[in-house]
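One letter stands for each residue in the lines below.
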Amino acid sequence: MAQARGKVTIDTEECKGCGLCVDACPPKCLELLPGLNPYGVHPARYTGMNCSGCGICFYVCPEPGAITVYRLIVPKVAQPPKEGSHAATL
Amino acid sequence: MDEYQVIESKSPVFYDKYVRKSELQHQTHYCPGCGHGVVHKLIAEAIADLGVQDRAILVTPVGCSVFAYYYFDMGNVQAAHGRAPAVATAVKRSNPESIVIGYQGDGDLAAIGTAEIVHAANRGEKITIFFVNNAIYGMTGGQMAPTTLIGQYSTTSPWGRRPSNEGYPLRMAELLATLEAPVYIERVALCDNKNIMKTRKAVRKALELQRDGAGFSFIEILSPCPTIWKMTPQESRKWIEEKMLAVFPLGVFRDRKLAPMADAVPQTSVTKLLGLDKPQEVVTRPMAVKDSQPDLTVKIAGFGGQGVLLLGQILAEMGMREGREVSWLPSYGPEMRSGSAHCHVCLSHERVGSPVIEHPDVLIAMNEPSLHKFSKMVEAHGTILYNSDKLPAGLPPCEAKIYCVPALEIADGLGTTKATNMVMLGALLELTHTLPRETALALLKAKVRNVKLLDVDCQAIDAGMACLRKQLGPATDAHAHDGELAPCS
């Protein structure tokens, strides 16, 4: 399986358990916790797999700071320039 | 170890904590799945990205989003129900550099505030209005709104909205698009991922347009209200797509290129208009200094147009310059001229308890009716200055001393009867010595722009002083009027 390109953290205290992010997530990597948070709702969480770091969950979530989306920093590997390509395009 | 960078997180345009109440300071007050939170985030993100947080002013409405000022860390004005566009107009016009955002719901904008939004749009105010349309009154518990769909149930349309009784849903975006002035009008919806991202783009574009000095922009956002619609957040998204879009089609209704108006009025500020941008004369006399002059209460009465109220104002302002506590209480009829007018002026060393004077130290009677009406009110040791060369017949006896100052004739002799009140001011200054003549001259210099009139006013004051001095006798020449005052008879 390919490595996830992103990850999501969800503040379980701020989450109101509406579930919109779970529905909206394209790779379906979010779920509602079976347990309740202190405010009596099932907060969302990241399953830990397949997040692409697209950020959709952030925009569908009505809470300002419940969701934080991260993207994996891919270290730049110096590759030999392809034949005929301009060096500056690296 | 993998390294991550944050790509989406809470905008710095939101406060860290929401101090509306002591608990739950990390959450908004919106219901789970509410559209307001999403709109808030999109606006906050755009404000942060455009770098205008320090000059953005949000005009918040009445409705569920009434508490938006607890969330957005920017300038804020809370407007009365429906009046956000009017308030935003004032804010923008007085601070042209600011980014002014109106945020309104459908009950606010499309019902009670219809007039304000239509006229702000028609004037092409350079503001941005975000119109959050959820087809219902949410905060008050689900009454019918002008945007409620045909057949939609609400507490005030319990059989469903019927056009025969409640009319049709009001399409604000289309309605405003019939006007000439708006530069950008779009309707978007929060029904799915794609449309949320379209909303994000529209919000950003509207704010960019305002930043660039364009005119009125209006974004209508179809937004879910799961609680009042009695649906899950997911169902409410679907309901927008299936029901609302048929009535409120999405799209751009106006997208006009930036074109400066040819007839733009020159921009100025209130400060400039009042001349406050120039260095002001500094009154150096400290407020705490108490002079030996006694407190003084004056009642000035006459016809409207005789400068009765203005004389009172000048007296009060002179008192302020001399570090007194002052009050000026005008009373006049609806006529601008020839009605009766009077005012009360208190010059005191202590706080003025009441600006109403029952027994004035001095009555300035500018005409005969005022003399008849008010002479009995004057304190026993008080004085009356009467605008005539002789007392009228049939004046009831009074304890106060009466001096006749033919101010009207004196002023006429100086060139204009407009200076009548200044002759009386001169007489009052000579009589009481409570306020120095120099203060009067300095004040007039600051107030009267017409040089000719200023000259006449100064002469009038001196003439008034001279007139009274003649009556008071030589003992008062040296500003010491402990001698017996001789009333005119």
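This text follows the structure it describes.
None of these values were measured; they are calculated from a predicted model. Numbers given to residues run from 1 along each chain, matching the order in which its sequence is written. Both sets of labels track the order of writing: A upward for chains, 1 upward for ligands. Totals for whole chains, interfaces and linings use all residues, but because this is a predicted model, local features are given only for residues with pLDDT of at least 70 and pairs of side-chain atoms are given and counted only at 80 or more. Just so you know, side-chain values use all the structure's heavy atoms and leave hydrogens and water out.

Peer 1: Can you explain the overall build of chain B? Please cite residues and give values.
Peer 2: In this text, helices come from DSSP runs of H or I with a minimum length of four residues, and strands from runs of E with a minimum of two, each type numbered from the N-terminal end. Scanning chain B for helices and strands turns up 16 helices and 14 strands. On C-alpha atoms alone, chain B measures out to a radius of gyration of 33 Å, which is more than a quarter above the 23 Å that the 2.2 N^0.38 rule sets for 489 residues. In terms of overall dimensions, chain B has C-alpha extents of about 100 × 60 × 55 Å along its principal axes. Across the 489 residues that make up chain B, the buried fraction comes to 49%. It is over C-alpha atoms that the radius of gyration is taken, and the globule rule equals 2.2 Å times the number of residues to the power 0.38. Only protein chains enter the accessibility calculation, which uses a 1.4 Å probe. A residue is then buried if its area is under 20% of the maximum for its type, exposed if over 50%, and partly exposed in between.

Peer 1: Would you mind going over a nonpolar patch on the surface in detail, with residue names and values included?
Peer 2: On the surface, Val270(B), Leu273(B), Leu274(B) and Leu276(B) cluster together to form a nonpolar patch covering roughly 430 Å² of accessible area. In this structure, Leu276(B) sits in the loop between α10 (270-273) and β9 (296-303). Only residues whose relative accessible area exceeds 30% and that take part in no salt bridge are eligible for patches, with like-charged residues grouped when within 9 Å of each other and nonpolar side chains (Val, Leu, Ile, Met, Phe, Trp, Tyr) grouped when within 5 Å. Working definition of accessibility: Shrake-Rupley area with a 1.4 Å probe, residue cover restricted to the visible protein chains. Only one rule defines a salt bridge in this text: a Lys or Arg side-chain nitrogen within 4 Å of an Asp or Glu carboxyl oxygen.

Peer 1: Outline the interface of chain B and chain A, listing residues and values.
Peer 2: At the junction of the two partners, chain B supplies 32 residues and chain A supplies 31 residues. Both faces combined, the contact of chain B with chain A buries some 2900 Å², and carbon together with sulfur accounts for 61% of it. A per-residue breakdown of the area chain B buries against chain A is headed by Tyr4(B), Glu8(B) and Lys41(B), which together make up 24% of the total. Here chain B is connected to chain A by zero salt bridges. Any pair of nitrogen or oxygen atoms within 3.5 Å is treated as a polar contact; in protein, a donor-acceptor pairing is required on top of that, and neighbouring residues in sequence qualify only through side-chain atoms on both sides. Counting across the interface, chain B meets chain A through 19 residue pairs in polar contact (both at pLDDT 80 or more). Each residue is assigned to one of three groups, with Ala, Val, Leu, Ile, Met, Phe, Trp, Tyr, Cys and Pro labelled nonpolar, Asp, Glu, Lys and Arg labelled charged, and all others, Gly among them, labelled polar. Here the side of chain B that touches chain A is built from residues that sort into 14 nonpolar, ten polar and eight charged. Two strands pair when backbone bridges link them, and strand β4 (residues 67-72) of chain A and strand β1 (residues 4-8) of chain B are joined in this way by four bridges, in the antiparallel orientation. Pairing of Val69(A) across the sheet is with Glu8(B), part of β1(B). In what follows, residue pairs with any heavy atoms lying within 4.5 Å of each other are defined as contacts. Put simply, buried area is the surface a 1.4 Å probe can reach on two separate parts but cannot reach once they are joined, added for both. Two strands qualify as a pair provided that DSSP identifies no fewer than 2 bridges between them.

Peer 1: Account for the packing of aromatic side chains, with residues named and values stated.
Peer 2: Working definition: rings of Phe, Tyr and Trp (its six-membered ring) pair if their centres are within 6.5 Å, and the pair is stacked with planes under 30 degrees apart, edge-to-face with planes over 60 apart, and tilted otherwise. Considering all chains together, one arrives at ten aromatic pairs over all chains under this definition. Relative to Tyr71(B), the ring of Tyr30(B) lies with its centre 5.9 Å away and its plane at 55 degrees, an arrangement referred to as tilted. With Tyr30(B) in the loop between β1 and α1 (35-50) and Tyr71(B) in the loop between β2 (56-60) and β3 (75-78), the pair connects residues that are 41 residues apart, well separated along the chain. Comparing Tyr30(B) with Tyr71(B) shows no difference in burial state: the two are buried. Ring pairing ties together the aromatic residues Tyr18(B), Tyr30(B) and Tyr71(B), which thus form one cluster. The rule for a charge over a ring is simple: NZ of Lys or CZ of Arg within 6 Å of the ring centre, and within 35 degrees of the ring normal. Just above the ring of Tyr70(A) sits the side chain of Lys7(A); from NZ or CZ to the centre is 5.1 Å.

Peer 1: Residue-level account of the sheet that holds strand β5 (residues 128-133) of chain B, with values.
Peer 2: Residues and elements named next belong to chain B. With respect to topology, seven strands assemble into an open sheet ordered β3-β2-β4-β5-β7-β6-β8, the strand pairing being mixed. Strands with a single pairing partner mark the edges of an open sheet, and in this sheet they are β3 and β8 (251-255). Strand-to-strand twist in this sheet, taken as the mean axis angle between neighbours without regard to direction, amounts to 15 degrees. Interaxial angles span 0 to 180 degrees and are taken between N-to-C directions of axes, which are lines fitted to C-alpha atoms, for helices over the stretch in contact. In the packing of helix α7 (residues 193-211) onto the sheet, contacts are made with β4 (99-105), β5, β6 (184-189), β7 (217-222) and β8, and the angle to β6 comes to roughly 160 degrees.

Peer 1: Report on the pattern of salt bridges, specifying residues and quantitative values.
Peer 2: Residues and elements named next belong to chain B. For the structure on display, the rule yields 16 salt bridges over all chains. Notably, a salt bridge pairs Arg204 with Asp49, separated by 2.7 Å at the nearest N-O pair. Placement of Arg204 in helix α7 and of Asp49 in helix α1 is noted, with a sequence separation of 155 residues between them. By relative accessible area, which is 47% here, Asp49 ends up partly exposed. Here the residues in one salt-bridge network are Glu45, Asp49, Arg200 and Arg204, joined through shared partners.

Peer 1: Give me the lowdown on the sheet that holds β1(B), citing residues and values where you can.
Peer 2: Spatially, three strands are ordered β1(A)-β4(A)-β1(B) in an open sheet, and the strand pairing comes out antiparallel. Two strands bound the open sheet, and with one partner strand each, they are β1 (6-10) of chain A together with β1 of chain B. When strand polarity is set aside, the average angle formed by the axes of neighbouring strands in this sheet is 30 degrees.

Peer 1: Account for the nonpolar core, naming residues and giving values.
Peer 2: What is meant by a nonpolar core is a set of buried Ala, Val, Leu, Ile, Met, Phe, Trp, Tyr and Cys residues, joined one to another through side-chain atoms within 4.5 Å. Grouped together as the largest cluster of nonpolar side chains are 62 residues, with contacts concentrated most on Leu30(A), Ile67(A), Ile43(B), Ile47(B), Phe72(B), Phe130(B) and Leu207(B). When neighbours within four sequence positions are excluded, Leu207(B) is seen to be in contact with Ile43(B), Ala46(B), Ile47(B), Leu50(B), Ile99(B), Ile101(B), Thr128(B) and Phe130(B). Among the nonpolar cores identified, the runner-up in size contains 44 residues, and Val362(B), Leu454(B), Cys467(B) and Leu468(B) belong to it.

Peer 1: Describe the pairing of strand β11 (residues 340-348) of chain B, and please don't skip the residues or the numbers.
Peer 2: Residues and elements named next belong to chain B. Extensive coverage of β11 is indicated by the burial of eight of its nine residues. Looking at chain direction, β9 and β11 are connected through eight bridges and run antiparallel. Paired with Phe303 across the two strands is Ser340, which belongs to β11. By the bridge criterion, eight bridges tie strand β10 (residues 325-332) to β11 in an arrangement that is antiparallel. If you follow Ser331 over to β11, its bridge partner there is His342.

Peer 1: So, the environment of Phe374(B): which residues are in play, and what are the values?
Peer 2: Residues and elements named next belong to chain B. Relative to the helices and strands, Phe374 resides in helix α12 (residues 368-374). By relative accessible area, Phe374 is classed as buried at 9%. For the pair Phe374 and Leu431, spaced 57 residues apart in sequence, the C-alpha separation works out to 19 Å. Non-local contacts of Phe374, meaning those with residues more than four positions away in its chain, are made with Lys299, Ala301, His342 and Leu363.

Peer 1: Residues and numbers for the pairing of β5(B), please.
Peer 2: All names here are of chain B. When you tally the buried positions in β5, you get six out of six residues, the bulk of the element. Burial along β5 is two-sided: Thr128, Phe130 and Val132 and Ile129, Phe131 and Asn133, pointing in opposite directions, are all buried. Note that β4 and β5 share five bridges and pair parallel. In the sheet register, Gly102 faces β5, and the bridge partner there is Ile129. Pairing analysis gives six bridges linking β5 to β7, with the strands arranged parallel. Bridged to Phe131 within β7 is Glu220.

Peer 1: I'd like a rundown of the environment of Val326(B), residues and numbers included.
Peer 2: Tracing the sequence through the fold places Val326(B) in strand β10. In contact with Val326(B), other than residues within four places in its own chain, are Ala316(B), Gly319(B), Met320(B), Cys346(B), Leu347(B) and Val352(B).

Peer 1: For helix α15 (residues 437-447) of chain B, give the residues involved together with the corresponding values.
Peer 2: Listed in full, the buried residues belonging to α15(B) are Thr439(B), Ala440(B), Leu441(B), Leu443(B) and Leu444(B). Buried residues belonging to α15(B) abut α11 (308-321), α14 (420-432) and α16 (451-472) of chain B.

Peer 1: I'd like a description of the packing of α11(B) against α15(B), backed by residues and values.
Peer 2: All names here are of chain B. Put simply, α11 and α15 touch, their axes get as near as 10 Å, and they point 115 degrees apart. When the interaxial angle is binned, α11 and α15 end up roughly perpendicular. Between α11 and α15 the crossing geometry is right-handed. Counting all contacts with α11, which are made through Ile314, Glu317, Met318 and Arg321, the residues of α15 involved are Thr439, Ala440, Ala442, Leu443, Leu444, Ala446 and Lys447. When the residues that make up the contact of α11 with α15 are grouped by side-chain class, the tally is seven nonpolar, one polar and three charged. Between 65 and 115 degrees an angle is taken as roughly perpendicular, under 35 as roughly parallel, over 145 as roughly antiparallel, and anywhere else as oblique. Left-handed describes a crossing whose near helix is turned anticlockwise from the far helix through less than a right angle; right-handed describes the clockwise counterpart.

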